[in-house]
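Residue strings, one per chain:
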Amino acid sequence: MIPKITDKNLYLLLPGKVAAVVEQYIADNGVSILDGLRKFYNSSTYSNLEKEQTKLWHLGPVGLYEEFVEKG
C-alpha cells in the first residue's frame, strides 16, 4: 500500500529535494553551503514546498530549481 502524502508526512520528502536544489544553486552561483541553504529556506519556493496543497513536492530537483530561480 502506498501511503498518501499529507501535511503530516510531507517533511519526509523535503531533505532530499532541498539538498538537490541547494547543490545546484551552489554550483551555479559559487556561494557557500550555508549561504545556499539560507537563500533556499528563506525563499517563497521553500515556503510553498512545505505545503502539501501546492503540490510542489511532485516536482523533481530540476523543476524545483527552475521555480526557485524564477520566483525566489
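In this numbering scheme, every chain counts its residues from 1 along its sequence in written order. Where totals are concerned, whole chains, interfaces and linings use all residues; where local detail is concerned, this predicted model gives features only for residues with pLDDT of at least 70, and gives and counts side-chain atom pairs only at 80 or more. Side-chain metrics in this entry use all non-hydrogen atoms of the structure; hydrogen atoms and water are not considered.

**Quick notes on the overall build of the protein chain**
Stage number 1. Looking only at helices and strands, the protein chain features four helices and zero strands.
Stage number 2. Strands are runs of DSSP state E lasting at least 2 residues, helices are runs of H or I lasting at least 4, and numbering of each runs from the N terminus. Scanning the protein chain from its N terminus toward the C terminus, one meets helices and strands in the order α-α-α-α.
Stage number 3. For the protein chain, whose C-alpha radius of gyration is 12 Å, the value lies close to the compact-globule estimate of 11 Å for 72 residues.
Stage number 4. Its C-alpha atoms give the protein chain principal-axis dimensions of roughly 40 × 20 × 20 Å.
Stage number 5. The classification of residues rests on relative accessible area computed with a 1.4 Å probe and restricted to protein chains. Under 20% of the type maximum is buried, over 50% is exposed, and intermediate values are partly exposed. Out of the 72 residues belonging to the protein chain, those deemed buried represent 29%.
Stage number 6. Within the protein chain, counting contacts between residues at least 6 apart in sequence, those at least 24 apart form 58% of the total. When we talk radius of gyration, it's over C-alpha atoms, and the globule rule is simply 2.2 Å times the number of residues to the 0.38. Here, two residues are considered to be in contact whenever any of their heavy atoms come within 4.5 Å of each other.

**Quick notes on the environment of F40**
Stage number 1. Considering the arrangement of structural elements, one finds F40 in helix α2 (residues 33–41).
Stage number 2. Taking the C-alpha atoms as reference, F40 lies 9.8 Å from V69; in sequence the two are 29 residues apart.

**Notes on helix α1 (residues 14–29)**
The α-helix winds at 3.6 residues per turn, so residues separated by three or four positions along the chain end up facing the same way.
Stage number 1. By this rule, a helix spans an expected 1.5 Å times one less than how many residues it contains. Here α1 spans 22 Å end to end across 16 residues, near enough to the 22 Å set by a 1.5 Å rise per residue.
Stage number 2. Listed in full, the buried residues belonging to α1 are L14, K17, V18, V21, V22, Y25 and I26. Buried residues along α1 cover an arc of 160° about the axis, so they all sit on one side. Turned more than 90 degrees off the buried face of α1, the exposed positions are E23 and A27.
Stage number 3. Immediately downstream of α1, the backbone of G30 shows phi near 65°, a positive value. Here the arc refers to the set of directions running from the helix axis out to each C-beta atom.

**Section: unusual backbone geometry**
Stage number 1. You will see that K55, though not glycine, has its phi angle at about 65°, which is positive.
Stage number 2. Checked against the element boundaries, K55 lands in the loop between α3 (44–49) and α4 (61–71).

**Notes on the side chain of K17**
Stage number 1. Mapping K17 onto the fold places it in helix α1.
Stage number 2. Positive charges come from Lys and Arg alone, negative charges from Asp and Glu alone, with His and the N- and C-terminal ends not counted. Whenever a carboxyl oxygen of Asp or Glu lies within 4 Å of a side-chain nitrogen of Lys or Arg, that contact is scored as a salt bridge. E52 provides the closest opposite charge to the buried, salt-bridge-free K17, at an N-O distance of 12 Å.
Stage number 3. Separated by 2.7 Å, the side chain of K17 and the backbone oxygen of L59 make a polar contact.
Stage number 4. Once residues within four sequence positions are removed from consideration, K17 is found in contact with W57, L59, G60 and L64. Whenever two N or O atoms come within 3.5 Å, that pair is a polar contact, provided that in protein one can donate a hydrogen and the other can accept it, and provided that, for residues adjacent in sequence, both atoms are side-chain atoms.

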